[in-house]
Number of protein chains: 6
Amino acid sequence: MPYVNIKITDEGVTSEQKKELIKGVTDLLQTVLGKNPKTTVVVIDEIDTGNWGIEGESVTERRKRGG
Amino acid sequence: MPYVNIKITDEGVTSEQKKELIKGVTDLLQTVLGKNPKTTVVVIDEIDTGNWGIEGESVTERRKRGG
Amino acid sequence: MPYVNIKITDEGVTSEQKKELIKGVTDLLQTVLGKNPKTTVVVIDEIDTGNWGIEGESVTERRKRGG
Amino acid sequence: MPYVNIKITDEGVTSEQKKELIKGVTDLLQTVLGKNPKTTVVVIDEIDTGNWGIEGESVTERRKRGG
Amino acid sequence: MPYVNIKITDEGVTSEQKKELIKGVTDLLQTVLGKNPKTTVVVIDEIDTGNWGIEGESVTERRKRGG
Amino acid sequence: MPYVNIKITDEGVTSEQKKELIKGVTDLLQTVLGKNPKTTVVVIDEIDTGNWGIEGESVTERRKRGG
């Protein structure tokens, strides 16, 4: 019954990678807590780099500076 | 003053259906808890089926298998 | 498969009222969108009035003023 | 290490305004709580006006009525 | 820079198990997406069983019925 | 109408500091985006240090090491 929300920047994540994240998190919750995968929900949010801030600036700005 | 977030898969939900969800949740909070509709906020997130996981796989995969 | 998060102030909500919220939201999603109740998840967060702000002040302050 | 999520309606917010929000929130957390900006994360979600409800109706409907 | 929120019912999760969840999710994001663990944030919310609904009823009710 | 969620570790934040956060964020949204304070909602979540992970470990562990 767990609910997991993964927020990452929107920078070319593939369907294959998303599958691995979903599978990996679901397995982890089963291994560590015995949670039934049937009702484990995972939602991935891909956030535009202009909408993600760290250290007081957007990731778009950081990428421009090579960060 | 309640805040309600509804997350559903992005599969052709109409404006009319969204209105019904917003109205329905707002009414429910007024009926059950006496909350003033004036400050009840409802946010609907429509999530790409590739970004929604259940049972360790994405909804995109399930739909392909007829699930 | 929907996930619904309801945030309300922590002001004496009873178990009975929580049941009504859970039931009401689950029914609404089935009626409006045909969502299967089996995988509809509802999470209620009760927030301390000192941690909830509206109009630039906490609900604790408002309540003191009779608001 | 704080995490801040700002949800606003998707109505033409500029990159410049997003930068100001990110900078402003990060500064606020440093000033008030002494939080290190290096690990302060800010995520801005711009929500379609049809998906945002207030007073039991969507913002799209309100805007049509001039609200 | 990813942010991960894990919501589970509050049913005796140990510190050790939380450490495993935090470590496991952080490793997963590094393995699958190459994300730097230094800025991967994981927040675990333990939700009272009376505040968690599934299939239209609270987990408290389910547990009473042996579910 | 904005909704802002601030997540911080639960380490002795005072009522006064919470008021400053609520006021500061509400003012920021008015200054930058012209948002009406009347419907700006701010919710502060204070997270137990054992439930907050960074760099693959909990903040509780970091604090023990003097981090």
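Our subject is the structure that appears above.
As the structure is a computational prediction, the values presented were derived from the model and not from experiment.

Draft legend 1. Spatial organisation of helix α1 (residues 15-33) of chain A. Counted at 1.5 Å a residue, the expected span for α1(A) with its 19 residues is 27 Å, and the 27 Å between its end C-alpha atoms agrees. Residues A:Lys18, A:Leu21, A:Ile22, A:Gly24, A:Val25, A:Thr26, A:Leu28, A:Leu29, A:Val32 and A:Leu33 constitute the buried set of α1(A). In this fold, the buried residues of α1(A) make contact with β1 (3-9) and β2 (41-47) of chain A, β3 (52-54) and β4 (57-58) of chain B together with β1 (3-9) and α1 (15-33) of chain E. Backbone geometry just after α1(A) places A:Gly34 at a positive phi near 70°.

Draft legend 2. Quick peek at the interface of chain B and chain D. Listed by partner, the interface residues are 16 residues for chain B and 12 residues for chain D. With both chains or domains summed, chain B and chain D bury close to 1100 Å², and 54% of this area falls on carbon and sulfur atoms. The three residues of chain B that bury the most area against chain D are B:Lys19, B:Ile22 and B:Lys38, which together make up 37% of that side's buried surface. Inspection of the chain B/chain D interface yields one salt bridge. Where B:Lys38 meets D:Glu55, a salt bridge forms, and the shortest distance between an N and an O atom there is 3.6 Å. At the junction of chain B and chain D, the tally comes to five residue pairs in polar contact (both at pLDDT 80 or more). If you list the elements that add at least two residues to the side of chain B that touches chain D, you get α1 (15-33) and β2 (41-47) of chain B. Broken down by element, the side of chain B that touches chain D gets its largest block of residues, six residues, from β2(B). Taken together, the residues of the side of chain B that touches chain D break down into seven nonpolar, three polar and six charged.

Draft legend 3. Quick look at the sheet that holds strand β3 (residues 52-54) of chain F. Strand order in the open sheet formed by eight strands is β4(B)-β3(B)-β2(A)-β1(A)-β1(E)-β2(E)-β3(F)-β4(F), and the pairing between neighbours is mixed. With partners counted over all chains shown, the strands left at the sheet margins are β4 of chain B together with β4 (57-58) of chain F, one partner each. Where β1(A) and β2(A) come together, seven bridges link them in parallel fashion. Directly across from A:Val4, in β2(A), lies its bridge partner A:Val42.

Draft legend 4. Fine view of the relation of the copies chain B and chain D. The two copies are related by a screw operation: chain B maps onto chain D through 120° of rotation and 0.0 Å of translation along the axis, at an RMSD of 0.0 Å. Within this description, the copies of the chain are treated as partners about a three-fold rotation axis. Closest to the rotation axis within chain B is the C-alpha of B:Asp45, separated from it by 5.8 Å.

Draft legend 5. Fine view of the interface of chain A and chain E. Each side of the interface is counted separately: chain A has 25 residues, and chain E has 25 residues. When chain A packs against chain E, the two sides together hide about 2100 Å² of surface, and 76% of this comes from carbon and sulfur. On the surface where chain A and chain E come into contact, there are zero salt bridges. For the side of chain A that touches chain E, the per-class residue count stands at 16 nonpolar, four polar and five charged.

Draft legend 6. Quick peek at the sheet that holds strand β4 (residues 57-58) of chain A. Taken together, the eight strands give an open sheet; going across it, the order is β4(A)-β3(A)-β2(D)-β1(D)-β1(F)-β2(F)-β3(C)-β4(C), and neighbouring strands pair in mixed fashion. Only two strands of the sheet have a single neighbouring strand rather than two, namely β4 of chain A together with β4 (57-58) of chain C. Contacts between helix α1 (residues 15-33) of chain F and the sheet are confined to β3 (52-54) and β4 of chain C, β1 (3-9) of chain D together with β1 (3-9) and β2 (41-47) of chain F, with β2(F) contributing the most and set at about 140° to the helix.

Draft legend 7. Spatial organisation of the pattern of salt bridges. Considering all chains together, one arrives at 53 salt bridges over all chains under this definition. Sharing partners across several salt bridges, the network here consists of A:Lys38, B:Glu55, B:Glu57, B:Arg62 and B:Arg65.

Draft legend 8. Quick look at the relation of the copies chain A and chain E. With an RMSD of 0.0 Å, the fit of chain A onto chain E corresponds to turning through 180° and sliding 0.0 Å along the axis. Here the transformation between the copies is reduced to the relation of a two-fold axis. Proximity to the rotation axis, assessed at the C-alpha, singles out A:Asn5 in chain A; its C-alpha lies 2.6 Å from the axis. Of all interface residues in chain A, 100% are interface residues in chain E too; the two copies therefore contact each other through one and the same surface.

Parameters and conventions
- Residues numbered from 1 in each chain as written.
- Chains lettered and ligands numbered in written order.
- Predicted model: local features only at pLDDT ≥ 70, side-chain atom pairs only at ≥ 80, totals over all residues.
- Heavy atoms only, no water.
- Helix = DSSP H or I, 4+ residues; strand = E, 2+ residues; numbered from the N terminus.
- Expected span 1.5 Å × (residues − 1).
- Buried < 20%, exposed > 50% of the residue type's maximum accessible area, 1.4 Å probe, protein only.
- Contact = heavy atoms within 4.5 Å.
- Buried area = accessible area lost by both parts, 1.4 Å probe.
- Salt bridge = Lys/Arg side-chain N within 4 Å of Asp/Glu carboxyl O.
- Polar contact = N/O pair within 3.5 Å; in protein donor to acceptor, adjacent residues only side chain to side chain.
- Nonpolar A, V, L, I, M, F, W, Y, C, P; charged D, E, K, R; others polar.
- Pairing = 2+ DSSP bridges.
- Least-squares fit on C-alpha atoms with pLDDT ≥ 70 in both.
- Axes fitted to C-alpha atoms, helices over the stretch in contact; angles between N-to-C directions.

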